[in-house]
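# What the coordinates show
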Amino acid sequence: MLRDVNTRKVMKNAFRITKHKYKTALRVRVPGGLGDPLVFRTVADIAEKFGDGRIHITTRQGFEILGIDMEDMPEVNEAIQPVIDHLDTNQEKRKAGYPASGTRNVAGCIGNKICPKAQYNTTEFAKEIEDMIFPNDLHVKIALTGCPNDCIKSVMHDFGIIGMCLPEYDQSRCVACQACVNKCKSYSVGALSIENNKIVRNHEKCIGCGECVLNCPMLAWTRSPKKYFRLVIMGRTGKKNPRIAKTWLKWVDKPAIMKIIANTYEYTAEYIDPEAPNGKEHIGYIVDRTGFEEFKKWALKDVELPERCEVVPTVYWDERKIW
Amino acid sequence: MKQIVSKEAFNEGLAKLLTEYDIYGPVRHPYRGTHSDTDKIQYQQVHSFDEMEWDEKSQFSPKSAVLPINQLLFYFVEDQWLEASETMRKILVFLRPCDLHGMKRMDEIYLNNGAPDYFYERRRKMIKFVVVGCKETYRNCFCVSMGSNVPEDYDAALNIRDDHFELDIIDEDLAVFAGREADFDIDYVTENTFSIEVPEEVDSQYLAEHDMWREFDSRCIACGRCNYVCPTCTCFDMQDIYYKENEDAGERRRVWGACMVDRYTDIAGGITFRSKYGSRMRFKAMHKIYDFRKRFGYNMCVGCGRCDDACPQYISFSETIEKVGAVMKQKLNEEDPA
């Protein structure tokens, strides 16, 4: 029977301190939200053997296995090992469960594994980010979404990575059916017009949704093989000043995003409030305190932005009160 | 002349032909498909056999080699005009048997349907065809049902083998390959994954009023993919372009048209004849399996199945033909139950 429990260690180990004393719940990380029968079976087995049979599907695409006795935590850590191995989650010690919980599961929409609208494989990119940043105690939320529909709601994250299609036009294949013009107008931003029976694209207006490519029956419009993204930053939910993320970089690429995220961890480690409750401070609030310019200086260190990348010089967030 | 030609000798032969010919074949463009991380396969000019993609069915047919998607006809300045030039080089198109049957239908429409089309004929006489034998059927193919599976009237034909080619040269101008004589047949499929029966008796008036087309009013989105990928759709639209800098000068182009797409039946006065998508479907189907046949004695559709491959709404043209057959059968039964 457990009497003394270090709650800090319990939480760091991805177990929750619940409202029911001595009962805990395990948070299972599933980067990009893609599981398979082994993951589901293992989670189900743990819920049956150690939990009260209930499994919560979390908003960050993990599982939370409810009603576990704290006494069983070591055995649960052993039992979850096949999932950790199978999803190749970074771990410090085998059979010791998750080494951290501050940096949250990297979430992704269904992505181009099957979604016709998505511009990239969100799960693969999520996994690359997870590999780089986990384990870490810093409280960072990252979400990846395949297109500007933003089904994962990346605009409510510290980093929202939104797939962009760079449309390229082969005039010699265009038959002026105007499917692209009509779809861009009705589904998207109306960045296309027709002039002398050929299409004119307004690059400033274009949000890279890819509707022109998706709807071109001649494939006169195709997307560039190089993948581009929009990076929106410092969106958040919560009691203090919730807000929608804002675009910082448009037409940015994967290597630049990876470097910016890595840099942000260094910035956060430098500037996090040592007095913050539980040592936990959301990076958005740190940026509020240091100012955007200081964040930008750190985040862009040694980053090579693609030539066509558009940078918003100073990001201003919409501070209208929600509460 | 039938011969076995090594890969090297084949490429050497092609290099010789390239001095006189522009060569067209299907080319895969990675990442250029409709959806992200998918490919596009279209016909275009190539400079070697290796550039061609034969493992998968090309999404677009070779008709763009014969009938350019955008074809400049003439330039005009005030009351003067100047004919646009056409290639002076010969053209060699590598294609599957069904697509060669498609070319026969293109010729029928452009050369034998009244006066020959000047611009078509001008380019067509430069073109020769090399059939690439088909060993296996692809999804949605029904060439056997349409009788377009057997390669006919080619200038040359070839079978692709692991380390060599079997080459059947008919046109002596193409006999530039070093190889040894052999006997073989050009591959063709004798069975598709399904077969259909094209109805012999088609009452187009009866069908025009039949409600079988109404399902397409809502299912079809009138994108025209079925037309644009079809090796036998021959319609075009005219475009007059007035140069921005001087609107007294400009050019006339013809551009692929599509009977499924808006504006196809628009005429002066703001009248549109076939607004309903089901009616457009009927018009297209009747053209492919009825009225072309009435004029030329055989069906227009060659059963390549690209329309079914391309349709984002999962409308099957081969099943539509079967539905026409069922409606006609029912009509005959009602008229004569015996």
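Residues numbered from 1 in each chain as written. Chains lettered and ligands numbered in written order. Predicted model: local features only at pLDDT ≥ 70, side-chain atom pairs only at ≥ 80, totals over all residues. Heavy atoms only, no water.

What follows is about the overall build of chain A. Counting its secondary structure elements, chain A contains 10 helices and 13 strands. Judged by the C-alpha coordinates and their principal axes, chain A covers about 80 × 45 × 40 Å. A buried classification covers 52% of the 323 residues belonging to chain A. Within chain A, contacts between residues separated by at least 24 positions form 67% of all contacts whose residues are at least 6 apart in sequence. Working note: accessible area of chain A is about 15400 Å², and carbon and sulfur atoms make up 53% of it. The averaged location of the 41 negative side-chain charges in chain A is 5 Å from the averaged location of its 49 positive side-chain charges. (Helix = DSSP H or I, 4+ residues; strand = E, 2+ residues; numbered from the N terminus. Buried < 20%, exposed > 50% of the residue type's maximum accessible area, 1.4 Å probe, protein only. Contact = heavy atoms within 4.5 Å. Areas by Shrake-Rupley, 256 points an atom, 1.4 Å probe, with all protein chains shown as cover. Lys, Arg positive; Asp, Glu negative; His and termini not counted. Charge placed at Lys NZ, Arg CZ, Asp CG, Glu CD.)

Let us now look at unusual backbone geometry. Following F134 of chain A, the chain continues into P135 of chain A via a peptide bond in cis, with omega recorded as 5°. Among the structural elements, P135 of chain A can be located in the loop between α5 (122-133) and β5 (142-145). Phi at Q178 of chain A takes a positive value of approximately 70°, unusual for a residue other than glycine. Take Q178 of chain A: it is sitting in the loop between β7 (167-169) and α6 (179-187). One non-glycine residue, D37 of chain B, lies in the positive phi region at around 60°. Within the fold, D37 of chain B resides in the loop between β2 (21-29) and β3 (40-46).

Residue and element names in this part refer to chain B. Considered domain by domain, chain B is made up of domain 1 (2-67 + 85-181) and domain 2 (204-236 + 256-332). Distance from the C-alpha centre of domain 1 to the C-alpha centre of domain 2: 27 Å. Taken together, the contact between domain 1 and domain 2 spans 28 residues of the former and 26 residues of the latter. Interface of domain 1 and domain 2: buried area, both sides summed, is about 2400 Å²; carbon and sulfur atoms make up 59% of it. Among the residues domain 1 hides against domain 2, the three largest losses belong to K63, R105 and F142. Together they make up 26% of the total. (Domains from an automatic or database assignment. Buried area = accessible area lost by both parts, 1.4 Å probe.)

Within the largest apolar cluster, 79 residues are counted, with the highest numbers of intra-cluster contacts made by F10, F49, V93, F94 and L158 of chain B. Counting residues in hydrophobic clusters, the runner-up holds 37 residues, among them F159, V252, I272 and I286 of chain A. (Core = buried A, V, L, I, M, F, W, Y, C linked by side-chain atoms within 4.5 Å.)

This part covers the sheet that holds strand β11 (residues 236-242) of chain B. Residue and element names in this part refer to chain B. Spatially, β5-β4-β12-β11 is the arrangement adopted by the 4 strands of the open sheet, whose pairing is antiparallel. A single partner strand is all that each edge strand has here, and the edge strands are β5 (80-83) and β11. Within the sheet, the average angular offset between the axes of one strand and its neighbour, ignoring direction, is 25°. As judged from the 7 bridges shared by β11 and strand β12 (residues 249-256), these two strands associate in the antiparallel manner. Within β12, the position partnered with I241 by the bridge is E251. (Pairing = 2+ DSSP bridges. Axes fitted to C-alpha atoms, helices over the stretch in contact; angles between N-to-C directions.)

The side chains of a regular strand alternate between both faces of the sheet. Residue and element names in this part refer to chain B. Two strands pair when backbone bridges link them, and strand β4 (residues 70-77) and β12 are joined in this way by 7 bridges, in the antiparallel orientation. Bridging across to β12, Y75 finds its partner in E251. Here β4 folds back onto β5, and the loop between the two strands holds 2 residues, one of which, E78, carries a positive phi near 50°.

In any sheet, the strands associate via hydrogen bonds between backbone groups, in a parallel or an antiparallel arrangement. Residue and element names in this part refer to chain A. The 6 strands lie next to each other as β4-β5-β6-β11-β12-β13, forming an open sheet whose pairing is mixed. The open sheet is flanked by β4 (107-108) and β13 (310-311), the only strands paired with a single partner. Examined bridge by bridge, strand β12 (residues 246-252) and β13 share 2 bridges and lie antiparallel to one another. What sits directly across from K250, in β13, is E310. Helix α8 (residues 254-271) contacts β5, β6 (159-164), β11 (228-233) and β12 of the sheet and is inclined by roughly 180° relative to β6.

Listed as interface residues are 30 residues of chain A and, on the opposing side, 27 residues of chain B. Around 2400 Å² of area is buried between chain A and chain B when both sides are counted, 47% of it from carbon and sulfur atoms. Along the contact surface separating chain A from chain B lie 3 salt bridges. The tally of links from chain A across to chain B stands at 19 residue pairs in polar contact (both at pLDDT 80 or more). (Salt bridge = Lys/Arg side-chain N within 4 Å of Asp/Glu carboxyl O. Polar contact = N/O pair within 3.5 Å; in protein donor to acceptor, adjacent residues only side chain to side chain.)

Here we take up a nonpolar patch on the surface. On the surface, I267, I271 and F273 of chain B cluster together into a nonpolar patch covering about 300 Å² of accessible area. Looking at where I271 of chain B falls in the secondary structure, it is placed in strand β14 (residues 271-272). (Patch = residues over 30% accessible without salt bridge, like charges linked within 9 Å, V, L, I, M, F, W, Y side chains within 5 Å.)

With that settled, consider the pattern of salt bridges. Working definition: two side chains of opposite charge can pair if their charged atoms are close together. Within this structure, the stated rule accounts for 46 salt bridges over all chains. The salt bridge involving E211 of chain A is made with K117 of chain A; its shortest N-O contact spans 2.7 Å. With E211 of chain A in helix α7 (residues 211-215) and K117 of chain A in the loop between β4 and α5, the pair connects residues that are 94 residues apart, well separated along the chain. Given the relative accessible area of 7%, E211 of chain A is considered buried. For D183 of chain B, the salt bridge is made with K2 of chain B, and the minimal N-O distance between the two is 3.9 Å. Here D183 of chain B is found in the loop between β10 (180-181) and α6 (204-209), whereas its partner K2 of chain B is found in strand β1 (residues 2-6), with 181 residues between them in sequence. With relative accessibility at 71%, the residue D183 of chain B sits in the exposed group. According to the relative accessible area criterion, K2 of chain B is partly exposed, its value standing at 24%. The structure contains a network of salt bridges with shared partners spanning E20, K90, K128, D171 and D173 of chain B.

Before going further, it helps to spend a moment on the domain arrangement of chain A. Per the domain assignment, the segments making up chain A are domain 1 (7-86), domain 2 (107-163 + 227-311) and domain 3 (167-223). For domain 1 of chain A versus domain 3 of chain A, the distance between C-alpha centres works out to 47 Å.

Here we take up the packing of aromatic side chains. Using the criterion set out here, one finds 29 aromatic pairs over all chains in the structure. For the pair F10 of chain B and F49 of chain B, a centre-to-centre distance of 5.2 Å together with 90° between the ring planes defines the contact as edge-to-face. Separated by 39 residues along the polypeptide, F10 of chain B in helix α1 (residues 7-18) and F49 of chain B in the loop between β3 and α2 (63-66) bring together distant segments of the chain. Of the two residues, F10 of chain B and F49 of chain B, both sit in the buried class. Taken together, a centroid distance of 5.0 Å and an interplanar angle of 85° make the contact between F49 of chain B and F165 of chain B edge-to-face. Of the two residues, F49 of chain B is situated in the loop between β3 and α2 and F165 of chain B in strand β9 (residues 164-169); the sequence distance between them amounts to 116 residues. Neither residue differs from the other here; F49 of chain B and F165 of chain B are each classed as buried. The structure contains a cluster of three or more aromatic residues connected by ring pairs, namely W248, Y267, Y271, F292, F295, W298 and W317 of chain A. (Phe/Tyr/Trp six-rings, centres within 6.5 Å; stacked < 30°, edge-to-face > 60°.)

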